Amino acid sequence: MRPARRPGYHLTLAGQVISPELDARLMRLRLTDRRGLEADQLDITLSDHDGRLALPPHGAELTLALGWQDAGLVERGSFIVDEVEHSGAPDVVVIRARSANMRRQLPGKRSQSWHEVTLGEIVTTIAARHDLTPAIGQLLEGVYLEHLDQTDESDLHFLTRLAEQHDAIATIKAGRLLFMPAGQGSTVSGRAIAPVTLRRHHGDGHRYIEADRDAYTGVLAYWHDPDAAERREVIAGSDENLKRLRHTYASEDAAVNAAKSEWQRIQRGGAECSLNIAEGRPDLYPETPVRLEGFKATIDATPWLITNVTHDLTDTAYTSSVQCELIP
């Protein structure tokens, strides 16, 4: 019989090391890793049984690595303390932090007109404003935009809006502003992310939901043709049962991009699956392709992509949970 595995972790909090080897204080740790410009969140509950644990100030930096003691730890990045709570008895400290890369959240509303630019040029300009390195997916970098207005809108909101229009992911990781296609299972450079296999015996609970994928068969978008002074249509998918986008786009290319993006989003939303993993997987990240085995044939045959990962860890247990969407 295999001996019970022991979780491993290494936390530094404002320079103070917290780990199993050094007077363990950890009662619970939860890391939620999200896709896109929503900040990853780290929640930590620490024992202050001896009253010696100093309360970290807002803005203090946390670093985290987690995994299993027999397999090594995986670095999960830096976080900035947003909220601190002390309660008792027994005395405990609860720390809530968000990913350091997203702490600034590209603040400040601005108004700017973008004229005859590419997505790559927009992302590069915004990255330079915030001392970030731009990284744009090859399929998106050259997308041409005739005109776009950013009116009393933060760069964060503007990038989120652009990502939604082009079925993309905008996020900040390791000092880089990433803008890449959603649901592709690839890195920003276009390199395929190696898929992982999760078998039913790895988990202790799952949930699969299949929606009516035939509700829409395609998407229709309108664009304004200035030469003919009339509104024209473009379609992504088939025209049997169309979803019609309300906005009228300034060019045919913009309408085509919008229709394709929405059609891809509809297809990915046709089914979703969540899985609780009994032995935590520190190597799981959003945008990782997944093969499921040991479930229903339909579930096993579906290509999946991770959208969110949650890691829960104590001194004696470590579990993970994933949420997945299908790859159209």
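Quick caveat, the model's predicted, so the values are computed rather than measured.

Across its full length, the protein chain carries 5 helices and 21 strands. A total of 328 residues make up the protein chain; the buried ones form 44% of that total. When the accessible surface of the protein chain is totalled, it reaches about 16700 Å², and 47% of it is carbon and sulfur.

A word on the pairing of strand 1 (residues 7-13). The buried fraction of strand 1 amounts to 6 of the 7 residues, a majority that puts the element mostly inside the structure. Sheet topology note: the strand 1/strand 5 (residues 61-68) ladder contains 7 bridges and is antiparallel. Paired with Leu13 across the two strands is Leu62, which belongs to strand 5. When strand 1 meets strand 2 (residues 16-18), the two strands line up antiparallel, connected through 3 bridges. Within strand 2, the position partnered with Leu11 by the bridge is Ile18. Between strand 1 and strand 2, which pair antiparallel one after the other, the connecting turn spans 2 residues, and Ala14 there sits at a positive phi close to 50°.

This brings us to the packing of aromatic side chains. Note on aromatic pairs: each is described by the distance of the centres and the angle between the planes. Within this structure, the stated rule accounts for 3 aromatic pairs. Each ring, one from Trp68 and one from Tyr318, has its centre 5.4 Å from the other, and the planes form 40°; the classification is tilted. Of this pair, Trp68 sits in strand 5 while Tyr318 sits in strand 21 (residues 318-326), and the two are 250 residues apart along the sequence. Ring centres of Trp114 and Phe158 lie 5.9 Å apart, and the angle between their planes is 10°; on these two criteria the pair is classed as stacked.

The next thing to look at is the pattern of salt bridges. Tallying each qualifying case throughout the model produces 16 salt bridges. In this structure, Arg5 and Glu279 form a salt bridge, with 3.1 Å as the shortest nitrogen-oxygen distance. Linking Arg5 in the segment before strand 1 with Glu279 in the loop between strand 18 (271-277) and strand 19 (289-293), this pair joins segments that are 274 residues apart in sequence. Residue class for Arg5 comes out partly exposed when judged on its relative accessible area of 22%. By relative accessible area, Glu279 is classed as partly exposed at 30%. Linking Asp312 and Arg28 is a salt bridge whose minimum nitrogen-to-oxygen distance equals 3.1 Å. One end of the pair, Asp312, is in strand 20 (residues 304-313); the other, Arg28, is in strand 3 (residues 26-34), and 284 residues separate them in sequence. Note on Arg28: relative accessible area 41%, which makes it partly exposed.

Calculation criteria
- Residues numbered from 1 in each chain as written.
- Predicted model: local features only at pLDDT ≥ 70, side-chain atom pairs only at ≥ 80, totals over all residues.
- Heavy atoms only, no water.
- Helix = DSSP H or I, 4+ residues; strand = E, 2+ residues; numbered from the N terminus.
- Buried < 20%, exposed > 50% of the residue type's maximum accessible area, 1.4 Å probe, protein only.
- Areas by Shrake-Rupley, 256 points an atom, 1.4 Å probe, with all protein chains shown as cover.
- Pairing = 2+ DSSP bridges.
- Phe/Tyr/Trp six-rings, centres within 6.5 Å; stacked < 30°, edge-to-face > 60°.
- Salt bridge = Lys/Arg side-chain N within 4 Å of Asp/Glu carboxyl O.

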